[in-house]
Amino acid sequence: MEKLGLNEIRSRFLKFYESKDHYVGKSASLIPRNDKSILIINSGMAPLKAYFAGTETPPKKRMCTCQKCIRTGDIDNVGHTARHGTFFEMLGNFSFGDYFKKESLTWGIEFLTEHLGFTMDKLWATVYLDDEEAIGIWKSLGMNPDHIVRLGKEDNFWEIGLGPCGPDSEIFYDRGEEFGCGKPDCKPGCDCDRFLEIWNHVFTQFSKEEDGSYSDLSHPNIDTGMGLERMACVMQGTDSIFDVDTIKYILDGVVEKSGVAYHDGAEPTDVSIRIITDHLRAMTFMIADGIMPSNEGRGYVLRRLLRRAARHGKILGIKDTFLVELSNRVIEVSGEAYPELVEKKDYIQK
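Residues numbered from 1 in each chain as written. Predicted model: local features only at pLDDT ≥ 70, side-chain atom pairs only at ≥ 80, totals over all residues. Heavy atoms only, no water.

## Observations concerning the nonpolar core
Here's step 1: Of all hydrophobic cores here, the largest spans 82 residues; its most connected members are Leu 112, Phe 118 and Ile 198.
Here's step 2: Take this core: its biggest share by element is nine residues, from helix α8 (residues 268-288). (Core = buried A, V, L, I, M, F, W, Y, C linked by side-chain atoms within 4.5 Å. Buried < 20%, exposed > 50% of the residue type's maximum accessible area, 1.4 Å probe, protein only. Helix = DSSP H or I, 4+ residues; strand = E, 2+ residues; numbered from the N terminus.)

Quick look at the structure:
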(Lines give C-alpha, C1' and ligand atoms only; values in the text may rest on other atoms or scores of the structure.)
Protein backbone atom coordinates (compact mmCIF):
# COMPACT_ATOMS: atom_id res chain seq x y z
CA MET A 1 0.00 0.00 0.00
CA GLU A 2 1.28 3.46 -0.92
CA LYS A 3 1.73 6.04 1.81
CA LEU A 4 -0.36 8.84 0.33
CA GLY A 5 -1.12 12.32 1.63
CA LEU A 6 -4.71 13.32 2.32
CA ASN A 7 -4.83 15.73 -0.63
CA GLU A 8 -3.47 13.04 -2.99
CA ILE A 9 -6.10 10.50 -1.87
CA ARG A 10 -8.86 13.02 -2.58
CA SER A 11 -7.42 13.83 -5.99
CA ARG A 12 -7.07 10.18 -7.00
CA PHE A 13 -10.63 9.39 -5.95
CA LEU A 14 -12.19 12.21 -7.96
CA LYS A 15 -10.03 11.52 -11.03
CA PHE A 16 -10.88 7.82 -10.88
CA TYR A 17 -14.62 8.41 -10.93
CA GLU A 18 -14.26 11.09 -13.56
CA SER A 19 -12.66 8.35 -15.70
CA LYS A 20 -15.84 6.31 -15.07
CA ASP A 21 -17.92 9.07 -16.65
CA HIS A 22 -18.95 10.77 -13.39
CA TYR A 23 -19.60 14.48 -13.09
CA VAL A 24 -17.15 15.82 -10.49
CA GLY A 25 -19.23 18.14 -8.33
CA LYS A 26 -17.82 20.85 -6.09
CA SER A 27 -18.42 20.52 -2.39
CA ALA A 28 -21.68 22.19 -1.45
CA SER A 29 -21.70 24.93 1.17
CA LEU A 30 -21.92 23.87 4.80
CA ILE A 31 -25.15 25.87 4.90
CA PRO A 32 -27.98 23.57 3.71
CA ARG A 33 -29.98 24.74 0.69
CA ASN A 34 -33.76 24.24 0.86
CA ASP A 35 -33.38 21.76 3.70
CA LYS A 36 -34.64 22.72 7.14
CA SER A 37 -34.07 19.26 8.60
CA ILE A 38 -30.39 19.95 9.43
CA LEU A 39 -28.47 23.00 10.66
CA ILE A 40 -25.20 22.19 8.91
CA ILE A 41 -24.28 19.73 6.14
CA ASN A 42 -23.24 16.54 7.93
CA SER A 43 -22.80 13.93 5.18
CA GLY A 44 -21.81 13.56 1.56
CA MET A 45 -25.32 12.82 0.35
CA ALA A 46 -27.08 15.56 2.35
CA PRO A 47 -26.74 18.25 -0.36
CA LEU A 48 -27.95 15.76 -2.98
CA LYS A 49 -31.27 14.78 -1.38
CA ALA A 50 -33.33 16.51 -4.06
CA TYR A 51 -31.57 14.49 -6.78
CA PHE A 52 -32.29 11.23 -4.97
CA ALA A 53 -35.91 12.27 -4.40
CA GLY A 54 -36.34 13.27 -8.05
CA THR A 55 -37.48 16.81 -7.23
CA GLU A 56 -34.42 18.28 -8.96
CA THR A 57 -32.43 17.13 -11.99
CA PRO A 58 -28.76 16.36 -11.32
CA PRO A 59 -26.09 17.67 -13.74
CA LYS A 60 -25.49 14.03 -14.66
CA LYS A 61 -26.87 10.66 -13.57
CA ARG A 62 -23.39 9.81 -12.27
CA MET A 63 -21.70 12.13 -9.79
CA CYS A 64 -18.79 12.12 -7.37
CA THR A 65 -17.89 14.69 -4.73
CA CYS A 66 -15.68 15.41 -1.78
CA GLN A 67 -18.07 17.09 0.64
CA LYS A 68 -17.01 19.18 3.62
CA CYS A 69 -19.04 18.20 6.69
CA ILE A 70 -19.55 19.28 10.30
CA ARG A 71 -20.83 17.06 13.10
CA THR A 72 -20.99 18.28 16.68
CA GLY A 73 -22.83 15.39 18.34
CA ASP A 74 -19.54 14.07 19.74
CA ILE A 75 -17.95 17.44 20.47
CA ASP A 76 -17.21 16.49 24.09
CA ASN A 77 -15.10 13.58 22.82
CA VAL A 78 -12.97 15.75 20.53
CA GLY A 79 -9.42 15.85 21.81
CA HIS A 80 -9.93 12.97 24.21
CA THR A 81 -9.95 10.33 21.46
CA ALA A 82 -7.77 9.71 18.44
CA ARG A 83 -10.54 9.79 15.84
CA HIS A 84 -13.29 12.22 16.86
CA GLY A 85 -13.46 15.52 14.99
CA THR A 86 -16.07 18.17 14.26
CA PHE A 87 -14.91 18.79 10.67
CA PHE A 88 -14.34 16.04 8.14
CA GLU A 89 -14.39 15.42 4.40
CA MET A 90 -16.55 12.71 2.85
CA LEU A 91 -15.70 11.18 -0.52
CA GLY A 92 -18.64 9.70 -2.39
CA ASN A 93 -19.82 8.42 -5.76
CA PHE A 94 -23.49 8.54 -6.62
CA SER A 95 -25.86 7.11 -9.18
CA PHE A 96 -29.31 8.59 -9.73
CA GLY A 97 -31.12 5.75 -11.48
CA ASP A 98 -28.10 4.79 -13.60
CA TYR A 99 -25.69 2.03 -12.45
CA PHE A 100 -26.28 -0.17 -9.43
CA LYS A 101 -24.61 -2.77 -7.19
CA LYS A 102 -22.33 -4.52 -9.67
CA GLU A 103 -20.69 -1.34 -10.94
CA SER A 104 -20.51 0.26 -7.51
CA LEU A 105 -18.70 -2.66 -5.87
CA THR A 106 -16.56 -3.45 -8.92
CA TRP A 107 -15.26 0.10 -9.18
CA GLY A 108 -14.80 0.22 -5.43
CA ILE A 109 -12.42 -2.75 -5.52
CA GLU A 110 -10.70 -1.41 -8.63
CA PHE A 111 -10.00 1.91 -6.94
CA LEU A 112 -8.78 0.35 -3.69
CA THR A 113 -6.51 -2.24 -5.28
CA GLU A 114 -5.26 -0.58 -8.47
CA HIS A 115 -5.13 3.06 -7.38
CA LEU A 116 -4.47 2.91 -3.63
CA GLY A 117 -2.54 -0.36 -3.47
CA PHE A 118 -4.75 -2.40 -1.12
CA THR A 119 -4.52 -6.19 -1.37
CA MET A 120 -7.64 -8.37 -1.40
CA ASP A 121 -6.45 -10.47 1.53
CA LYS A 122 -6.74 -7.37 3.76
CA LEU A 123 -10.28 -6.49 2.68
CA TRP A 124 -13.54 -7.74 4.19
CA ALA A 125 -17.15 -6.89 3.43
CA THR A 126 -20.36 -6.85 5.43
CA VAL A 127 -23.70 -7.30 3.67
CA TYR A 128 -27.34 -7.29 4.67
CA LEU A 129 -28.56 -10.73 5.73
CA ASP A 130 -30.48 -11.72 2.60
CA ASP A 131 -28.68 -9.63 -0.02
CA GLU A 132 -27.56 -12.58 -2.13
CA GLU A 133 -26.90 -10.31 -5.10
CA ALA A 134 -24.22 -8.35 -3.22
CA ILE A 135 -22.68 -11.58 -1.88
CA GLY A 136 -22.48 -12.98 -5.40
CA ILE A 137 -20.82 -9.81 -6.69
CA TRP A 138 -18.23 -9.86 -3.93
CA LYS A 139 -17.35 -13.49 -4.70
CA SER A 140 -17.04 -12.72 -8.41
CA LEU A 141 -14.60 -9.91 -7.56
CA GLY A 142 -12.30 -12.31 -5.75
CA MET A 143 -13.35 -11.60 -2.18
CA ASN A 144 -12.58 -14.56 0.07
CA PRO A 145 -16.01 -16.03 0.97
CA ASP A 146 -14.84 -16.22 4.59
CA HIS A 147 -14.35 -12.43 4.45
CA ILE A 148 -18.02 -11.76 3.61
CA VAL A 149 -20.04 -11.23 6.78
CA ARG A 150 -23.84 -11.15 6.92
CA LEU A 151 -25.22 -8.64 9.44
CA GLY A 152 -28.72 -7.52 10.34
CA LYS A 153 -30.81 -4.46 9.73
CA GLU A 154 -29.14 -2.38 12.43
CA ASP A 155 -25.76 -2.71 10.73
CA ASN A 156 -26.41 -3.06 7.02
CA PHE A 157 -29.73 -1.48 6.10
CA TRP A 158 -30.05 2.28 5.57
CA GLU A 159 -33.34 4.03 6.20
CA ILE A 160 -34.56 7.26 7.80
CA GLY A 161 -38.30 7.22 8.38
CA LEU A 162 -40.44 6.77 5.27
CA GLY A 163 -39.27 6.88 1.67
CA PRO A 164 -36.14 5.65 -0.16
CA CYS A 165 -34.05 3.09 1.70
CA GLY A 166 -32.14 -0.11 1.11
CA PRO A 167 -29.39 -2.51 2.12
CA ASP A 168 -25.76 -1.48 2.18
CA SER A 169 -22.38 -3.16 2.04
CA GLU A 170 -19.46 -1.86 4.07
CA ILE A 171 -15.82 -2.49 3.15
CA PHE A 172 -13.45 -3.11 6.07
CA TYR A 173 -9.66 -3.08 6.32
CA ASP A 174 -8.01 -5.76 8.42
CA ARG A 175 -5.35 -4.03 10.52
CA GLY A 176 -3.91 -7.33 11.74
CA GLU A 177 -4.15 -9.76 14.66
CA GLU A 178 -2.18 -7.44 16.95
CA PHE A 179 -5.19 -5.08 16.98
CA GLY A 180 -7.70 -7.86 17.63
CA CYS A 181 -9.35 -9.43 20.64
CA GLY A 182 -7.85 -12.88 20.14
CA LYS A 183 -11.19 -14.62 19.61
CA PRO A 184 -11.18 -17.23 16.85
CA ASP A 185 -14.36 -15.77 15.33
CA CYS A 186 -13.11 -12.14 15.32
CA LYS A 187 -14.47 -10.38 12.20
CA PRO A 188 -16.22 -7.14 11.18
CA GLY A 189 -18.95 -6.45 13.72
CA CYS A 190 -16.62 -7.31 16.61
CA ASP A 191 -16.05 -4.57 19.21
CA CYS A 192 -12.25 -4.74 18.97
CA ASP A 193 -10.03 -2.45 16.87
CA ARG A 194 -8.86 -4.99 14.30
CA PHE A 195 -11.36 -4.26 11.51
CA LEU A 196 -11.80 -0.65 10.39
CA GLU A 197 -14.70 0.38 8.16
CA ILE A 198 -13.36 2.44 5.25
CA TRP A 199 -16.21 2.66 2.70
CA ASN A 200 -19.97 2.20 2.76
CA HIS A 201 -21.97 1.43 -0.39
CA VAL A 202 -25.70 2.06 0.04
CA PHE A 203 -28.09 0.43 -2.43
CA THR A 204 -31.23 2.55 -2.34
CA GLN A 205 -33.68 0.17 -3.99
CA PHE A 206 -36.84 0.28 -1.83
CA SER A 207 -39.34 2.78 -0.51
CA LYS A 208 -40.72 2.32 2.99
CA GLU A 209 -44.46 2.93 3.03
CA GLU A 210 -46.70 4.22 5.83
CA ASP A 211 -48.00 0.71 6.58
CA GLY A 212 -44.41 -0.48 7.19
CA SER A 213 -44.12 -2.38 3.91
CA TYR A 214 -41.37 -1.94 1.32
CA SER A 215 -41.99 -1.31 -2.37
CA ASP A 216 -39.41 -1.42 -5.17
CA LEU A 217 -38.12 1.88 -6.51
CA SER A 218 -38.50 2.22 -10.27
CA HIS A 219 -34.99 3.71 -10.43
CA PRO A 220 -32.62 2.34 -7.75
CA ASN A 221 -29.78 4.63 -6.66
CA ILE A 222 -26.22 4.34 -5.34
CA ASP A 223 -24.86 6.43 -2.47
CA THR A 224 -21.37 5.71 -1.15
CA GLY A 225 -19.34 7.37 1.58
CA MET A 226 -15.63 7.16 2.37
CA GLY A 227 -14.28 9.28 5.23
CA LEU A 228 -11.17 10.97 3.85
CA GLU A 229 -9.42 11.42 7.19
CA ARG A 230 -10.03 7.80 8.15
CA MET A 231 -8.67 6.57 4.82
CA ALA A 232 -5.63 8.81 5.28
CA CYS A 233 -5.07 7.21 8.70
CA VAL A 234 -5.02 3.76 7.10
CA MET A 235 -2.72 4.76 4.26
CA GLN A 236 -0.33 6.67 6.51
CA GLY A 237 -0.21 3.91 9.12
CA THR A 238 -1.52 5.94 12.03
CA ASP A 239 -4.32 5.41 14.55
CA SER A 240 -5.01 9.11 15.00
CA ILE A 241 -6.47 11.70 12.64
CA PHE A 242 -4.17 14.19 14.36
CA ASP A 243 -1.17 12.39 12.84
CA VAL A 244 -2.51 12.67 9.28
CA ASP A 245 -0.21 14.92 7.25
CA THR A 246 -2.49 17.91 6.66
CA ILE A 247 -3.95 17.89 10.16
CA LYS A 248 -0.55 17.42 11.79
CA TYR A 249 0.65 20.53 9.96
CA ILE A 250 -2.03 22.53 11.77
CA LEU A 251 -1.28 20.77 15.07
CA ASP A 252 2.43 21.57 14.70
CA GLY A 253 1.47 25.24 14.42
CA VAL A 254 -0.44 25.04 17.71
CA VAL A 255 2.59 23.41 19.36
CA GLU A 256 4.94 26.05 17.96
CA LYS A 257 2.67 28.91 19.06
CA SER A 258 2.11 27.55 22.57
CA GLY A 259 5.59 26.19 23.22
CA VAL A 260 3.92 23.10 24.73
CA ALA A 261 5.14 19.72 23.48
CA TYR A 262 2.69 17.17 22.05
CA HIS A 263 2.83 13.59 23.35
CA ASP A 264 0.45 11.73 21.00
CA GLY A 265 -2.50 12.12 23.38
CA ALA A 266 -0.73 10.92 26.50
CA GLU A 267 -0.81 14.23 28.41
CA PRO A 268 -3.71 16.50 29.51
CA THR A 269 -2.28 19.35 27.41
CA ASP A 270 -2.57 17.11 24.34
CA VAL A 271 -6.35 17.38 24.63
CA SER A 272 -6.14 21.17 24.35
CA ILE A 273 -3.76 20.95 21.38
CA ARG A 274 -6.11 18.55 19.59
CA ILE A 275 -9.23 20.64 20.31
CA ILE A 276 -7.63 23.79 18.91
CA THR A 277 -6.41 21.87 15.84
CA ASP A 278 -9.83 20.38 15.10
CA HIS A 279 -11.79 23.55 15.80
CA LEU A 280 -9.48 25.64 13.61
CA ARG A 281 -10.39 23.45 10.65
CA ALA A 282 -14.11 23.65 11.37
CA MET A 283 -14.19 27.40 12.07
CA THR A 284 -12.18 28.35 8.99
CA PHE A 285 -14.46 26.40 6.67
CA MET A 286 -17.66 27.59 8.39
CA ILE A 287 -16.73 31.26 8.14
CA ALA A 288 -15.69 30.83 4.49
CA ASP A 289 -19.24 29.63 3.79
CA GLY A 290 -20.75 32.71 5.41
CA ILE A 291 -21.59 31.42 8.88
CA MET A 292 -21.15 34.09 11.55
CA PRO A 293 -21.07 33.73 15.36
CA SER A 294 -24.51 34.27 16.89
CA ASN A 295 -26.77 33.16 19.73
CA GLU A 296 -28.70 30.53 17.80
CA GLY A 297 -28.54 27.87 15.13
CA ARG A 298 -25.38 27.26 13.16
CA GLY A 299 -24.02 30.62 14.32
CA TYR A 300 -24.14 29.33 17.89
CA VAL A 301 -22.22 26.22 16.82
CA LEU A 302 -19.48 28.46 15.43
CA ARG A 303 -19.45 30.64 18.54
CA ARG A 304 -19.13 27.57 20.72
CA LEU A 305 -16.15 26.31 18.69
CA LEU A 306 -14.48 29.72 18.82
CA ARG A 307 -14.88 29.94 22.59
CA ARG A 308 -13.61 26.39 23.14
CA ALA A 309 -10.54 26.98 20.98
CA ALA A 310 -9.76 30.30 22.68
CA ARG A 311 -10.20 28.80 26.14
CA HIS A 312 -7.89 25.91 25.41
CA GLY A 313 -5.33 28.39 24.11
CA LYS A 314 -5.36 30.00 27.56
CA ILE A 315 -4.99 26.56 29.16
CA LEU A 316 -1.82 26.13 27.09
CA GLY A 317 -0.56 29.50 28.28
CA ILE A 318 -1.02 31.45 25.04
CA LYS A 319 -1.53 35.03 26.15
CA ASP A 320 -2.21 36.87 22.90
CA THR A 321 -4.62 36.23 20.03
CA PHE A 322 -3.54 33.23 18.01
CA LEU A 323 -6.43 31.79 15.99
CA VAL A 324 -6.02 34.35 13.19
CA GLU A 325 -2.40 33.41 12.66
CA LEU A 326 -3.02 29.66 12.83
CA SER A 327 -5.92 29.80 10.37
CA ASN A 328 -3.22 30.40 7.73
CA ARG A 329 -2.19 26.77 8.13
CA VAL A 330 -5.71 25.52 7.38
CA ILE A 331 -5.82 27.69 4.26
CA GLU A 332 -2.37 26.51 3.16
CA VAL A 333 -3.14 22.78 3.29
CA SER A 334 -6.74 22.93 2.00
CA GLY A 335 -6.78 26.01 -0.24
CA GLU A 336 -6.06 24.17 -3.48
CA ALA A 337 -9.01 21.81 -3.07
CA TYR A 338 -11.25 24.52 -1.61
CA PRO A 339 -10.32 27.80 -3.35
CA GLU A 340 -12.96 29.70 -1.36
CA LEU A 341 -10.55 29.56 1.59
CA VAL A 342 -7.94 31.49 -0.37
CA GLU A 343 -10.46 33.85 -1.96
CA LYS A 344 -12.00 34.72 1.41
CA LYS A 345 -8.83 34.66 3.51
CA ASP A 346 -9.07 38.31 4.59
CA TYR A 347 -12.75 37.93 5.42
CA ILE A 348 -12.14 34.75 7.43
CA GLN A 349 -9.32 36.28 9.44
CA LYS A 350 -11.18 39.54 10.04
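After presenting the structure, the write-up continues.
## Details of the pattern of salt bridges
Here's step 1: Tallying each qualifying case throughout the model produces 24 salt bridges.
Here's step 2: Ionic pairing is found between Asp 239 and Arg 175, a salt bridge with its closest N-O pair at 2.0 Å. Here Asp 239, found in the loop between α6 (228-235) and α7 (245-258), pairs with Arg 175, found in the loop between β7 (163-174) and β8 (195-208); they are 64 residues apart in sequence, far enough to count as distant.
Here's step 3: The closest approach of N and O atoms between Glu 325 and Lys 257, which form a salt bridge, is 3.1 Å. Of this pair, Glu 325 sits in helix α10 (residues 323-334) while Lys 257 sits in helix α7, and the two are 68 residues apart along the sequence.
Here's step 4: With relative accessibility at 26%, the residue Lys 257 sits in the partly exposed group. (Salt bridge = Lys/Arg side-chain N within 4 Å of Asp/Glu carboxyl O.)

## What to know about the packing of α7 against α8
Here's step 1: At their nearest, the axes of α7 and α8 sit 9 Å apart, and the two run at 125° to each other. One way to sum up the angle between α7 and α8 is to call them oblique. Considering only the axes of α7 and α8, their crossing is right-handed. On α8, the residues that touch Ile 247, Ile 250, Leu 251, Val 254 and Val 255 of α7 are Ile 273, Ile 276, Thr 277, Leu 280 and Arg 281.
Here's step 2: Of the residues assigned to the contact of α7 with α8, the class counts are eight nonpolar, one polar and one charged. (Axes fitted to C-alpha atoms, helices over the stretch in contact; angles between N-to-C directions. Parallel < 35°, antiparallel > 145°, perpendicular 65-115°, else oblique. Left-handed = near helix turned anticlockwise from the far one by under 90°. Contact = heavy atoms within 4.5 Å. Nonpolar A, V, L, I, M, F, W, Y, C, P; charged D, E, K, R; others polar.)

## A closer look at the environment of Gly 85
Here's step 1: Locating Gly 85 in the fold gives a position in the loop between β2 (62-70) and β3 (87-96).
Here's step 2: If we skip the residues at most four places from it in the chain, Gly 85 touches Arg 71, Val 78, Ile 241 and Asp 278.

## Considering the packing of helix α1 (residues 6-19) against helix α3 (residues 101-115)
Think of two packed helices as two axes; the pair is described by the angle between the axes and how far apart they sit.
Here's step 1: One can describe the packing of α1 onto α3 by two numbers: an axis separation of 11 Å at closest approach and a directional angle of 135°. Taken together, the axis directions place α1 and α3 in an arrangement best described as oblique. Crossing of α1 against α3: the hand is right-handed. Of the residues in α3, those touching α1 at Ile 9, Arg 12, Phe 13, Phe 16 and Tyr 17 are Trp 107, Gly 108, Glu 110, Phe 111 and His 115.
Here's step 2: Of the residues contributing to the contact of α1 with α3, the split by class is six nonpolar, two polar and two charged.

## Points about α10
Here's step 1: Counted at 1.5 Å a residue, the expected span for α10 with its twelve residues is 16 Å, and the 17 Å between its end C-alpha atoms agrees.
Here's step 2: Residues Leu 323, Leu 326, Ser 327, Arg 329, Val 330, Ile 331, Val 333 and Ser 334 constitute the buried set of α10.
Here's step 3: Elements that come into contact with the buried residues of α10 comprise α1, α7, α8, α9 (297-315), α11 (340-343) and α12 (345-349). (Expected span 1.5 Å × (residues − 1).)

## Notes on the pairing of β7
Here's step 1: Counting buried residues in β7 gives eleven out of twelve residues, a clear majority hidden from the surface.
Here's step 2: Across five bridges, the pairing between strand β4 (residues 123-128) and β7 is antiparallel. When the bridges of β7 are listed, Leu 123 appears paired with Tyr 173.
Here's step 3: Where strand β6 (residues 157-158) lies against β7, two bridges are found, and the strand directions are antiparallel. Residue Phe 157 lies in a different strand from β7, and its bridge partner there is Pro 167.
Here's step 4: Adjacent in sequence and paired antiparallel, β6 and β7 are bridged by four residues, among which Gly 161 carries a positive phi angle near 65°.
Here's step 5: Bridge count for β7 against β8 is ten bridges, and the pairing is antiparallel. Residue pairing for β8: Gly 163 is matched across the bridge by Lys 208. (Pairing = 2+ DSSP bridges.)

## Overview of the side chain of Asp 131
Here's step 1: You can see Asp 131 is positioned in the loop between β4 and α4 (132-140).
Here's step 2: In this structure Asp 131 comes out as buried when scored by relative accessible area, which is 5%.
Here's step 3: Looking at Asp 131, its side chain comes within polar contact range of the side chain of Lys 101, at 2.8 Å.
Here's step 4: Excluding anything up to four places from it in sequence, Asp 131 contacts Lys 101, Pro 167 and Phe 203. (Polar contact = N/O pair within 3.5 Å; in protein donor to acceptor, adjacent residues only side chain to side chain.)

## Side note on the environment of Met 120
Here's step 1: Following the sequence through the fold, Met 120 ends up in the loop between α3 and β4.
Here's step 2: Residue classification places Met 120 among the partly exposed positions, given a relative accessible area of 22%.
Here's step 3: Placed 27 residues apart in sequence, Met 120 and His 147 show a C-alpha to C-alpha distance of 9.8 Å.
Here's step 4: If we skip the residues at most four places from it in the chain, Met 120 touches Ile 109, Thr 113, Leu 141, Gly 142, Met 143 and His 147.

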